[in-house]
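Secondary and tertiary structure notes
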Amino acid sequence: MSVIEMQKIAKLIKDGDYENAEELLKIILEESPHNRTAHFLFGMALAKTGMLEEAEAEFLNLVEKDAYDVEALGALAVVYGWRGKFKDALGIFHEAIELDPTRLEFYRYIANIQILEKNLKAAFMAYAKVIECEPENASAYNNLGIVYLEMNEINKAVVVFQQAMSRDGCNAKFHYNYAIALEANNQLQEAAREYEITVGIDPYWTAARLNLGSVLAKLGQLDKAGGSFDVILDEDPFNADAWNNMGAVLAMQGYKEEAIRHFARALEECSHHDLALSNMKSVKNDAEPKLAFAVVDALLDEEMDIPFNLPKPESEPLSGDFMGFEISHLVELMNCLKRMVDFLPEERKSAFNQSAIRIAMEHIINTFMGRRGILREIQDLRLKQQTLIDPIKAQIREISSGQKPALEPPGLAESGAGEEGGRALDKAEIADFLAYLETLSSSLSDHAVMEYFTNKMKTAVSAME
């Protein structure tokens, strides 16, 4: 699939043309059934059309093929979130962050889910992490303000929403949420002004007009409040909340029969509208009308969506051999090593995922699979004058003497490909490298799994030696 095709399909999905996107993807997958990007885009299209179970299956398949595919993990977690499987979503997001701590959108998604789950402390910590890394991220301040609202820390919410607006003063959602905080703090005049700014930015935002009318009514500006609700009903005559709120204004102005008709209309549009029912009973019983206005809560910014970066073009895996070994066999061996790590104890797995060895393995696999596009990086891999192989050999000697090996060979993180003044790796050195990795199998708790991987490594190392 060419870059142009990927861009075209990605744009179709972004623009909501899922039908044409799916047709193109089906054609591509018929010709190239193992194309990772096509499967990813197909999963996105399925998710966007509400076929969440099918989308989940697509992303699960990608993750099963490559447990280090961060984008597929993120997409799977989003779909879990959309399906209400919040615990599964959180688990996958945390796994993705372990692989790539720079993906700040995952922290935002985690926080969004934590808010839904009412785990406010966890949500606070996630947004604080985003702000720490991106101090100019207006959306993170906005969403942190919502956490403060949920925690009933109104004064802090007001301050944090101000921080959001200072970074993006034209965002209607930020003014809207700020108005809600001001209203909660009983600063009604200021709240009304912020709602007016909001509808000035977005004149068709029903929720903002609904809340504006409610605040104006509390301030005793009943004509202006009614005008705000009238604007909503002109655009949306089926809005039950607007009918109820207009009825409350009419009741406060003394127009009892007209108010009752408005409450009845609200109940026609929504038979379970509790506020309209309560208001109608209050007016019919000649009681003091209650100020029972429907309002809309604060809104998160950047709702959870499937993260997607347009990938580089995929090419066919390299064929042939490398230093006498079939490339396909080397790739299979490296992938086998990656799968083995999943069976390690948690602390060793975490250390391995962050080690330079894993990065080197990914580099080798990506190059042989054609994702790097520069065969020279492997065929002419050069090391610094101080070779890295001697420390590896020393570790292997330690292992044979019964000492506990360190996880990462000293100096590997400082290595570089294609640097002058070094020398190329030979077969024996690759065998030593794999022999070191073979020792990881000794940490596996499942004896059958340990035996399988140990034999796999021994066979490969013996062949190379």
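These figures come from a predicted structure and were not determined experimentally.

Some words on a negative patch on the surface
On the surface, Glu95, Glu98, Glu346 and Glu347 cluster together into a negatively charged patch. For the negative patch, the secondary-structure elements that each account for two or more residues are α6 (86–99) and α19 (346–353). Summarising the element assignment, Glu347 is placed in helix α19. Judged by its relative accessible area of 56%, Glu347 is exposed.

A word on helix α2 (residues 18–31)
With 14 residues, α2 extends 20 Å between its outermost C-alpha atoms, agreeing within 8% with the 20 Å of an ideal straight helix rising 1.5 Å per residue. Within the span of α2, buried status applies to Ala21, Glu22, Leu25, Ile28 and Leu29. Projected onto a plane normal to the axis of α2, the buried residues spread over an arc of 125 degrees and lie on a single side. Away from the buried face of α2 by more than 90 degrees, exposed residues Glu19, Glu30 and Glu31 are located.

Some words on the confidence of the model for the chain
Scored by pLDDT, the chain comes out at a mean of 77, with 67% of its residues at no less than 70. Element-level pLDDT for the chain is lowest in helix α21 (residues 376–379), with a mean of 36, against a maximum mean of 95 in helix α12 (residues 188–201). Here residues 402–425 is modelled with pLDDT under 50, and outside its nearest four sequence neighbours on either side it reaches 54 contacts, counting other chains as well.

Remarks on the nonpolar core
Across soluble globular proteins, nonpolar side chains show a tendency to be buried alongside one another. Residues Phe59, Phe93 and Ile306 are the most contacted members of the largest nonpolar core, which totals 110 residues. When residues no more than four places from it in sequence are discounted, the contact partners of Phe59 are Phe40, Gly43, Met44, Ala72, Ala75, Leu76, Val79 and Ile306. Grouped together as the second largest cluster of nonpolar side chains are 5 residues, Ile327, Val331, Met334 and Ile365 included.

Criteria and thresholds
Residues numbered from 1 in each chain as written. Predicted model: local features only at pLDDT ≥ 70, side-chain atom pairs only at ≥ 80, totals over all residues. Heavy atoms only, no water. Patch = residues over 30% accessible without salt bridge, like charges linked within 9 Å, V, L, I, M, F, W, Y side chains within 5 Å. Areas by Shrake-Rupley, 256 points an atom, 1.4 Å probe, with all protein chains shown as cover. Salt bridge = Lys/Arg side-chain N within 4 Å of Asp/Glu carboxyl O. Lys, Arg positive; Asp, Glu negative; His and termini not counted. Charge placed at Lys NZ, Arg CZ, Asp CG, Glu CD. Helix = DSSP H or I, 4+ residues; strand = E, 2+ residues; numbered from the N terminus. Buried < 20%, exposed > 50% of the residue type's maximum accessible area, 1.4 Å probe, protein only. Expected span 1.5 Å × (residues − 1). Arc of directions from axis to C-beta. pLDDT = per-residue confidence, 0-100. Contact = heavy atoms within 4.5 Å. Core = buried A, V, L, I, M, F, W, Y, C linked by side-chain atoms within 4.5 Å.

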